[in-house]
Structure formats: structure tokens, C-alpha cells
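Structural description and commentary
Below are the chains, spelled out letter by letter.
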Amino acid sequence: MMKQESYELFESATVEKILEVLQNELQKRNESPFWREKVVPFSEAILSVLIPLRDRGMLFDPQGVSVSLLTPELFFAWSDFLSLKTLAFTLQKSNEAGVLLRTKLDASLCQKYVPVDLTILGAYLSKNRVNLENEYLDFPISSYNLHQGVSNVIKSLL
């Protein structure tokens with residue numbers, strides 16, 4: 001069960017504020033340095049695209065269904081490494097087209113899409129051996145497994 005503060009945080013806070021809370025929780029819990037080095041960059045990569053979508057009223061889940069609020073559950077749905085890779089390609093294609101693609105959001109809303117900066121997410125995925133040129137090339141299973149572990153640590157913090 002997530003803390004109520006976590007819901008309030010995801011609903012309206014900036015990327016920086018959410019990362020600060022995660023960093024503070026990591027320090028309080030004395031997590032191992034291995035996990036401390038992974039949690040914040042992974043969270044920043046996800047939030048760097050979800051927060052702009054939240055602020056524009058264009059959130060959707062990995063199935064493309066419209067979602068009204070950014071919640072910890074939606075964050076964790078996107079923290080699945082395959083889903084995150086798919087989100088990156090969806091936004092890349094949307095940025096190129098100037099319209100939000102591959103979702104079930106209302107077409108008139110999709111037309112109002114403003115490109116999302118993919119710099120942080122792209123750098124993170126590239127660092128974790130995700131091919132950013134070809135969506136259909138797989139990444140190492142070790143990357144997937146590592147990120148499952150990182151997600152579990154984040155869940156314990158929220």
C-alpha cells in the first residue's frame with residue numbers, strides 16, 4: 001500500500017521534488033549504494049516524460065488508455081523496462097509527427113500534442129543498452145531483470 005503523500009507527490013510535484021523525496025527515503029533507509037545509484041536516474045528517466053504528459057493532460061497507460069492522474073501505480077506500469085522502451089518510441093514517433101500517436105486518447109486532444117524532450121530518457125535507455133534506432137531489437141534480459149529490482153526498491157520507498 002502506497003502512502004497518501006506519494007499520491008499527492010505524483011499528482012502535482014515537479015520531477016526535482018519527487019527525486020528529492022526518493023533520495024531522502026533512500027538515505028533514511030540506508031539502502032545499499034548499488035540501489036541508491038540506480039533508483040534516482042531510473043526515476044528521473046521515467047518522470048522526465050510522464051510529468052510533461054501529466055501537465056498537458058495527456059497521460060496514458062502502457063495499453064494506450066487515457067489516465068487522468070499520475071499515480072505511483074502508473075509510474076510503476078511504465079517502470080517495466082519493455083513498457084518504458086515502448087513509451088520512448090511512441091513519444092519519438094509522436095514528436096516527429098507533431099501529434100500523439102499509438103494511444104486511445106481522444107483524437108482532438110492528440111492533435112494538441114507538444115513534443116516531449118526525450119534527452120534524459122534516451123540517454124538512460126542508451127546507457128542500458130537499448131537500441132534507440134530500431135524499436136524491434138531486443139535489449140539484454142539482464143537489463144530487464146535489473147530494472148525489476150530497481151522498481152521493487154522504489155515501491156518500498158513510496
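Residues numbered from 1 in each chain as written. Predicted model: local features only at pLDDT ≥ 70, side-chain atom pairs only at ≥ 80, totals over all residues. Heavy atoms only, no water.

Regarding the packing of helix H4 (residues 72-79) against helix H5 (residues 81-97)
In a packed pair of helices, the relevant descriptors are the angle between the two axes and the axis-to-axis distance. Viewed as axis vectors pointing N to C, H4 and H5 meet at an angle of 90 degrees, and their least axial separation amounts to 5 Å. By the angle between their axes, H4 is roughly perpendicular relative to H5. Contacts from Ala 77, Trp 78 and Ser 79 in H4 reach Phe 81, Ser 83, Leu 84 and Leu 87 in H5. The residue makeup of the contact of H4 with H5, split by class, is five nonpolar, two polar and no charged. (Axes fitted to C-alpha atoms, helices over the stretch in contact; angles between N-to-C directions. Helix = DSSP H or I, 4+ residues; strand = E, 2+ residues; numbered from the N terminus. Parallel < 35°, antiparallel > 145°, perpendicular 65-115°, else oblique. Contact = heavy atoms within 4.5 Å. Nonpolar A, V, L, I, M, F, W, Y, C, P; charged D, E, K, R; others polar.)

Quick word on the pattern of salt bridges
Counted under the stated rule, the structure contains six salt bridges. Its salt-bridge partner being Lys 28, residue Glu 25 comes within 3.1 Å of it at the nearest N-O pair. Within this pair, Glu 25 and its partner Lys 28 are both found in helix H2 (residues 15-29), separated by three residues, close to a single helical turn. Overall, the relative accessible area of 11% leaves Glu 25 in the buried class. Through salt bridges that share partners, Lys 3, Glu 25, Lys 28 and Arg 29 make up one connected network. (Salt bridge = Lys/Arg side-chain N within 4 Å of Asp/Glu carboxyl O. Buried < 20%, exposed > 50% of the residue type's maximum accessible area, 1.4 Å probe, protein only.)

Considering the side chain of Ser 83
Its place among the elements puts Ser 83 in helix H5. The contacts of Ser 83, once residues within four sequence positions are left out, are Pro 62, Ala 77 and Trp 78.

Quick word on the packing of aromatic side chains
One pass over the structure, following the stated rule, counts six aromatic pairs. Put simply, the rings of Phe 10, Phe 75 and Phe 76 touch in pairs and so form one group of aromatic residues. It is Lys 155 that lies over the ring of Phe 76; its NZ or CZ is 5.2 Å from the centre. (Phe/Tyr/Trp six-rings, centres within 6.5 Å; stacked < 30°, edge-to-face > 60°. Lys NZ or Arg CZ within 6 Å of the ring centre and 35° of its normal.)

Overview of H5
Side chains that are three or four residues apart share a direction in an α-helix, a result of its 3.6 residues per turn. Between its first and last C-alpha, H5 extends 24 Å over 17 residues, near the 24 Å set by a 1.5 Å rise per residue. By the burial criterion, the buried members of H5 are Phe 81, Ser 83, Leu 84, Lys 85, Leu 87, Ala 88, Phe 89, Thr 90, Leu 91 and Ser 94. Contact partners of the buried residues in H5: helix H3 (33-55), H4, helix H7 (119-127) and helix H8 (141-157). Of the residues flanking the start of H5, the one acting as N-cap is Asp 80, its side-chain oxygen 3.2 Å from the backbone nitrogen of Leu 82. Downstream of H5 by a residue or two, Gly 98 has a phi angle that is positive, lying close to 75 degrees. (Expected span 1.5 Å × (residues − 1). Polar contact = N/O pair within 3.5 Å; in protein donor to acceptor, adjacent residues only side chain to side chain.)

Details of H2
The end-to-end C-alpha distance of H2, which contains 15 residues, comes to 21 Å, matching closely the 21 Å that a straight helix rising 1.5 Å per residue would cover. Among all positions in H2, only Val 15, Ile 18, Leu 19, Leu 22, Glu 25 and Leu 26 are buried. Summarising the axial view, the buried residues of H2 lie within an arc of 125 degrees, below the 170-degree limit, and thus occupy one face. Opposite the buried face of H2, at more than 90 degrees from it, the exposed residues are Glu 16, Gln 27 and Lys 28. Considering only its buried residues, H2 is in contact with helix H1 (4-12), H3 and H8. (Arc of directions from axis to C-beta.)

Here we look at unusual backbone geometry
One non-glycine residue, Asn 30, adopts positive backbone phi at about 55 degrees. Tracing the chain through its elements places Asn 30 in the loop between H2 and H3. For Asn 30, a relative accessible area of 63% translates into the label exposed. The phi dihedral of Arg 129 is positive, around 60 degrees, even though this residue is not glycine. Here Arg 129 shows up in the loop between H7 and H8. Taking the relative accessible area as the measure of exposure, Arg 129 reaches 52% and is therefore exposed.

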